[in-house]
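Reading the structure
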Amino acid sequence: MSYKIAIDGPSSAGKSTLAKMLAKELGYVYIDTGAMYRAIGLYLINNTIDIHNENDVVSVLDKIDVTLDYDKENNLHVYLNGEDISNKIRTQEVGEAASVCSQYLKVREKLVSLQRKLAEEKSCCMDGRDIASNVLPNANLKLYVTASEECRAKRRYLEEKEKGIDTTIEKVLEELKARDYRDMNREHNPLVKVSDAIEFDTTDLTPDEAVDAILSRFF
Ligand code: DC
């Protein structure tokens, strides 16, 4: 029987690091749903589609093919119309476009059906915003991963600095708050903590400590 872990939470709470490491430890498939919304965001940017115009976005959805694949080391790669775009989607601009277009029902329907298909008959660890509430409501383990706002902003700031991006903690915090507000208040499948999710705070934990805590508690 397959076992499903659903991981939701706000930006930079440590969801994907945790999901990736847990999947590796348990031999499960890792499914990064945010990367799929980012792939659509990247398509919209590359094709100068107005992300704030729902009709314009919906009209190009048929031209967008998003797929996930795994290399020999089991690292996840994201493809947009056949091109590996894994290294192009981790920018503030693409994250913002993903957050904006993820508000549109047609965008969500396209990706949610793909996400459910990817999870079929497989033990997997899937992270995103609506996994426990919508994509995999029967998941065996539902985690709502959080961290303090300051901690999340610091993590994001350090990531951006490492990429050579000139920014400040204040700016990063502002962007983070705006994104979380949109993701939590949109009409369709907003980020929520479902009643049977376990809240897990990563503020004072290293990634290894977080994984060990989950493994010893639930496995
Ligand atoms: O997790 P992330 O930062 O890669 O996600 C990018 C955006 O995609 C996020 O701000 C909202 C959207 N998203 C979503 O609406 N539903 C998901 N399951 C995953 C991401």
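Shown above is the structure to which this text applies.
What this report covers is the structure whose coordinates are included nearby. (Residues numbered from 1 in each chain as written. Predicted model: local features only at pLDDT ≥ 70, side-chain atom pairs only at ≥ 80, totals over all residues. Heavy atoms only, no water.)

**Structural notes on the overall build of the protein chain**
Check the secondary structure of the protein chain and you find nine helices and eight strands. On C-alpha atoms alone, the protein chain measures out to a radius of gyration of 17 Å, which is about the 17 Å that the 2.2 N^0.38 rule sets for 219 residues. Counting only C-alpha atoms, the protein chain reaches 45 × 40 × 35 Å along its principal axes. Counting across all 219 residues of the protein chain, residues that qualify as buried make up 48%. By sequence separation, contacts in the protein chain at least 24 residues apart represent 74% of the contacts at least 6 residues apart. (Helix = DSSP H or I, 4+ residues; strand = E, 2+ residues; numbered from the N terminus. Rg over C-alpha atoms; globule rule 2.2 N^0.38 Å. Buried < 20%, exposed > 50% of the residue type's maximum accessible area, 1.4 Å probe, protein only. Contact = heavy atoms within 4.5 Å.)

**A word on the packing of helix α4 (residues 92–101) against helix α8 (residues 169–185)**
It is at 10 Å that the axes of α4 and α8 come closest, and there the two elements cross at 20 degrees. As the angle between them shows, α4 and α8 are arranged roughly parallel. Handedness of the crossing formed by α4 with α8: left-handed. Of the residues in α8, those touching α4 at Gln92, Gly95, Glu96, Ser99 and Val100 are Glu175, Arg179, Arg182 and Asp183. Considering only residue class, the contact of α4 with α8 consists of one nonpolar, three polar and five charged. (Axes fitted to C-alpha atoms, helices over the stretch in contact; angles between N-to-C directions. Parallel < 35°, antiparallel > 145°, perpendicular 65-115°, else oblique. Left-handed = near helix turned anticlockwise from the far one by under 90°. Nonpolar A, V, L, I, M, F, W, Y, C, P; charged D, E, K, R; others polar.)

**Quick look at the pattern of salt bridges**
For the coordinates displayed, the defined rule picks out eleven salt bridges. A salt bridge links Glu109 to Lys106; its shortest N-O distance comes to 3.8 Å. Within this pair, Glu109 and its partner Lys106 are both found in helix α5 (residues 105–119), separated by three residues, close to a single helical turn. The exposure class of Lys106 is partly exposed, given its relative accessible area of 47%. A salt bridge links Arg129 to Asp183, with the nearest nitrogen and oxygen atoms 3.5 Å apart. Of this pair, Arg129 sits in the loop between β6 (124–128) and α6 (131–135) while Asp183 sits in helix α8, and the two are 54 residues apart along the sequence. Here Arg129 matches Asp183 in class, with each residue buried. Here the residues in one salt-bridge network are Arg129, Asp183 and Arg186, joined through shared partners. (Salt bridge = Lys/Arg side-chain N within 4 Å of Asp/Glu carboxyl O.)

**Structural notes on the sheet that holds strand β5 (residues 83–84)**
Pairing between the strands of a sheet comes from backbone hydrogen bonds, and it takes one of two forms, parallel or antiparallel. Strands sit in the order β3-β4-β5 across an open sheet of three strands; the sheet is antiparallel. Where the open sheet ends on each side, the last strands, each with one partner, are β3 (66–70) and β5. In this structure, strand β4 (residues 76–80) lies alongside β5, joined through two bridges in antiparallel fashion. Considered in β5, the bridge of Leu80 is made with Glu83. Running over the sheet, helix α2 (residues 33–46) touches β3 and β4 and is turned about 30 degrees from β4. (Pairing = 2+ DSSP bridges.)

**With respect to the nonpolar core**
By size, the foremost hydrophobic cluster in this structure holds 62 residues, and its most contacted members are Leu22, Ile40 and Leu44. With sequence-adjacent residues up to four places away left out, Leu44 is seen in contact with Ile49, Ile51, Val57, Val60 and Cys101. Counting residues in each nonpolar core, the second largest holds five residues, with Ala153, Tyr157, Leu173 and Leu176 among its members. (Core = buried A, V, L, I, M, F, W, Y, C linked by side-chain atoms within 4.5 Å.)

**Observations concerning helix α7 (residues 149–162)**
Compared with the 20 Å implied by 1.5 Å per residue over 14 residues, the 20 Å span of α7 between its first and last C-alpha is a close match. Where α7 is buried, its residues touch α4 and α8. Following α7 by one or two positions, Gly164 has its phi on the positive side, about 85 degrees. (Expected span 1.5 Å × (residues − 1).)

**Points about the packing of aromatic side chains**
In this description, an aromatic ring pair is defined by two values, namely the gap between the centres and the angle between the planes. Inspection of the entire model under this criterion finds two aromatic pairs. Geometrically, the ring pair formed by Tyr3 and Phe219 is edge-to-face, given 5.5 Å between the ring centres and 65 degrees between the ring planes. Of this pair, Tyr3 sits in the segment before β1 (4–8) while Phe219 sits in the segment after α9 (207–218), and the two are 216 residues apart along the sequence. In this structure Tyr3 comes out as partly exposed when scored by relative accessible area, which is 23%. Relative accessible area serves as the criterion here: at 40%, Phe219 is assigned to the partly exposed category. (Phe/Tyr/Trp six-rings, centres within 6.5 Å; stacked < 30°, edge-to-face > 60°.)

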